[in-house]
Amino acid sequence: MSFQEITKEELQIKLAELQDQYDSLKQKNEDKTDFYKSVLATSPTGFIEISLQGDILSSNAAFAELIGYTQEELSSMKISDIEAQETQDEIQQHIDLLLATKHARFETKHRRKDGTIIDVEVKTQYLPDYKKFISFISNITNEINAKEEIIKAKQEAEIKELKYRKLTENIPGMVYKGRRDWTYDIISNSEVICGYTAQEFLDGKISWIDLILPDDIEYVLSHAQRFFKAPLSEVHEYRIRTKDNSIRYIADHLSSVFNEEGKLESIEGIVFDITERKRDEQLLQERNEELRAAKEKAEESDRLKSAFLANMSHDIRTPLNSIVGFSQLIAEENSSAQLKNYADIIQSQNSLLLKLVDDIMDLAKIEAGVIKIQQSKFNIHLSLNKLESIFKEQCKKQNIQLCLSKPQDDLFLYSDEQRIEQVFFNLITNALKFTKEGEICFGYELNGDDKLRCFVKDTGIGIPKDKQQKIFDRFTKLDEFMQGTGLGLSIVKNIVELLGGKIWFISTPEKGTTFFFELPLHQSEEKDSVEEFFQI
């Protein structure tokens with residue numbers, strides 16, 4: 001059917017149908033528009049419509065409440081009136097960008113009616129068909145403030161950490177914050193104390209407990225248990241082995257930190273190297289011990305000197321009385337036999353008196369440091385034979401066997417013959433005093449190529465255990481009632497040491513004593529030169 005064939009009535013019907021369709025679509029569109037307007041009007045998010053020139057065309061109640069103006073007031077304002085961050089030129093740049101990109105999302109600041117500034121997030125869409133912008137605006141002031149607080153707190157923490165690091169770097173010790181499993185959250189200056197880096201501790205490559213010496217580990221662990229149970233602050237000293245395998249003394253100034261719930265949060269402290277202080281303390285202790293020993297020795301010396309003077313007054317007076325008394329008897333006695341007896345007594349007392357004086361003189365020379373060693377070539381066998389002759393008769397009288405040990409025919413020395421004879425003489429005299437029966441043997445033996453070991457052995461009463469430590473001290477006497485100065489063995493020891501040797505003894509109470517003294521020698525097979533001698 002062609003257009004010409006449509007009747008007027010039919011055309012009117014068609015137009016009515018089209019009008020109905022149009023009215024229906026229009027109503028639906030209006031309903032949608034009303035719905036969207038209702039949604040936007042009641043939305044908790046701020047909404048505004050903006051013209052291309054920046055005029056605020058409309059707004060919802062949420063935005064009006066957000067910005068502090070009424071919707072009517074906003075309808076007569078520009079977006080620049082509430083923008084607090086961007087200038088007019090910057091706003092125009094945003095508009096030009098939106099015209100090109102059609103949408104944008106950004107953060108800015110708006111000024112409320114009361115003058116306060118708020119942070120907002122803006123989501124803007126350009127509607128080309130309507131030649132306007134629509135924007136959804138949310139208040140993000142709290143979020144921004146929270147972010148700023150976080151940033152500020154982070155910055156403050158970084159500043160504090162920097163200050164803390166600088167502070168700890170200037171402390172001459174290791175600063176740490178750790179847990180009960182001996183791992184660490186913070187540690188600094190560890191290389192100064194133990195040689196290991198902080199990173200080695202933080203990475204778990206080394207643990208502090210691994211450095212503590214086995215002898216000290218029980219002490220440290222026992223105290224650590226106390227710190228795990230209650231808040232404590234103490235200083236503990238112990239030893240560690242460092243990376244270079246040296247041993248150092250450290251002072252650990254530590255504290256245990258607990259939270260409000262009573263749980264252990266951390267162990268914190270500072271470790272200082274106190275090795276030098278410990279050495280100084282040990283040296284001071286040794287010095288104090290030396291001073292104490294010197295004081296006791298001085299006091300003992302004073303006591304012994306007093307005893308010595310008392311004994312000397314008696315020991316010197318006894319032979320002098322004998323000499324004077326028997327000298328008077330000689331003048332009155334007519335019997336030649338009795339005279340000889342008196343003369344022998346006077347001779348023995350003269351010898352005793354001379355020995356006392358000699359001991360006192362030798363001691364004085366030794367203490368003054370003026371005793372001299374006169375070295376010369378001599379055959380020690382002749383010296384030993386002489387000593388045997390001197391003591392043979394006396395040993396016979398005391399029913400004691402005297403024996404001499406000489407392992408070879410001759411032994412030539414280059415030393416002080418008189419002083420070596422004096423050492424033997426004093427030791428044999430000493431043996432005679434304390435030997436009631438048995439034997440006294442003396443002599444020497446070769447101890448390798450460079451030592452001559454001499455000895456005097458007796459079967460006497462021996463030396464009591466409580467006096468063995470002081471036997472070489474001056475004025476020491478085994479029997480206070482026996483004649484003698486208590487100087488003989490002290491003099492012997494000094495002479496042996498002046499000759500470059502050493503002296504010692506082995507003694508069993510009630511069985512006897514053997515004194516040894518050893519001298520350094522060098523032997524030569526030559527007989528006609530100085531090299532033939534054992535040289536001291």
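Residues numbered from 1 in each chain as written. Predicted model: local features only at pLDDT ≥ 70, side-chain atom pairs only at ≥ 80, totals over all residues. Heavy atoms only, no water.

Asks: How should the overall build of the protein chain be read in this particular structure?
Replies: Tallying secondary structure elements over the protein chain gives 15 helices and 18 strands in all. Sorting the 536 residues of the protein chain into buried and exposed places 34% on the buried side. Within the protein chain, residue pairs in contact and separated by at least 24 positions form 53% of the contacts whose partners lie at least 6 positions apart. For the protein chain, the accessible surface area stands at approximately 33,100 Å², while carbon and sulfur atoms represent 52% of it. (Helix = DSSP H or I, 4+ residues; strand = E, 2+ residues; numbered from the N terminus. Buried < 20%, exposed > 50% of the residue type's maximum accessible area, 1.4 Å probe, protein only. Contact = heavy atoms within 4.5 Å. Areas by Shrake-Rupley, 256 points an atom, 1.4 Å probe, with all protein chains shown as cover.)

Asks: So what exactly am I meant to see when it comes to unusual backbone geometry here?
Replies: Among all residues except glycine, the phi angle is most often negative; among peptide bonds, the trans geometry is most common. Despite not being glycine, Asn-245 has its phi angle at roughly 75 degrees, a positive value. You can see Asn-245 is positioned in the loop between strand S8 (233-241) and strand S9 (247-258). Although it is not a glycine, Glu-510 adopts a positive phi angle of roughly 70 degrees. Along the polypeptide, Glu-510 turns up in the loop between strand S16 (502-508) and strand S17 (512-520).

Asks: Would you take a moment to explain the sheet that holds S8 for this structure?
Replies: One key point about sheets: their strands pair by backbone hydrogen bonds, in either a parallel or an antiparallel sense. Spatially, the five strands line up as an open sheet ordered S7-S6-S10-S9-S8, and their pairing is antiparallel. The open sheet has two free edges, formed respectively by strand S7 (184-188) and S8, since each of these has just one partner strand. Each strand axis lies, on average, 20 degrees off the axis of its neighbour in the sheet, ignoring direction. Two strands pair when backbone bridges link them, and strand S6 (residues 173-178) and strand S10 (residues 264-273) are joined in this way by six bridges, in the antiparallel orientation. Opposite Met-174, over in S10, you have Val-271 as the bridge partner. Each of S8, S9 and S10 is contacted by helix H10 (residues 214-229), which is oriented at about 150 degrees to S8, the strand it contacts most. (Pairing = 2+ DSSP bridges. Axes fitted to C-alpha atoms, helices over the stretch in contact; angles between N-to-C directions.)

Asks: Sorry, what's going on with the pairing of S7 here?
Replies: Along any regular strand, the residues point their side chains to alternate faces of the sheet. Pairing analysis gives four bridges linking S6 to S7, with the strands arranged antiparallel. Pairing of Gly-178 across the sheet is with Tyr-184, part of S7. Hairpin connection, S6 to S7: the antiparallel pair is bridged by five residues, and Trp-182 has positive phi, about 70 degrees.

Asks: Which parts of the structure should I look at to understand the confidence of the model for the protein chain?
Replies: Residues shown with low pLDDT carry predicted positions that ought not to be read at fine detail. Model confidence for the protein chain is summarised by a mean pLDDT of 80, while 75% of its residues fall at 70 or above. Contacts of residues 522-536 to residues separated by more than four positions or lying in other chains number 36 contacts, the stretch itself having pLDDT below 50. (pLDDT = per-residue confidence, 0-100.)

Asks: So what exactly am I meant to see when it comes to the packing of helix H14 (residues 417-433) against helix H15 (residues 488-498) here?
Replies: The relative placement of two packed helices is expressed as an angle between their axes plus a distance between the axes. Closest axis-to-axis distance for the H14/H15 pair is 10 Å, and the angle between their directions is 150 degrees. Between H14 and H15, the angle falls in the class roughly antiparallel. You can see that H14 and H15 cross each other, and the crossing is left-handed. Along the contact surface, H14 presents Arg-419, Gln-422, Val-423, Asn-426, Leu-427 and Asn-430, while H15 presents Gly-488, Leu-489, Ile-491, Val-492, Ile-495 and Val-496. Here the contact of H14 with H15 is built from residues that sort into seven nonpolar, four polar and one charged. (Parallel < 35°, antiparallel > 145°, perpendicular 65-115°, else oblique. Left-handed = near helix turned anticlockwise from the far one by under 90°. Nonpolar A, V, L, I, M, F, W, Y, C, P; charged D, E, K, R; others polar.)

Asks: Before we go on, may I ask you to explain the nonpolar core in this structure?
Replies: The nonpolar side chains of a soluble globular protein tend to be buried with one another. Counting residues in each nonpolar core, the largest one holds 39 residues, and the members touching the most others are Ile-380, Phe-424 and Phe-517. When residues of this core are traced back to their parent elements, those giving at least two are helix H13 (380-397), strand S12 (400-405), H14, strand S14 (438-446), strand S15 (451-458), H15, S16 and S17. In terms of residue count, H14 provides more of this core than any other element does, seven residues in total. Look past the residues within four positions of Phe-424 in its chain and what remains in contact with it is Leu-384, Leu-387, Phe-442, Gly-443, Cys-454, Phe-455, Val-456 and Phe-517. (Core = buried A, V, L, I, M, F, W, Y, C linked by side-chain atoms within 4.5 Å.)

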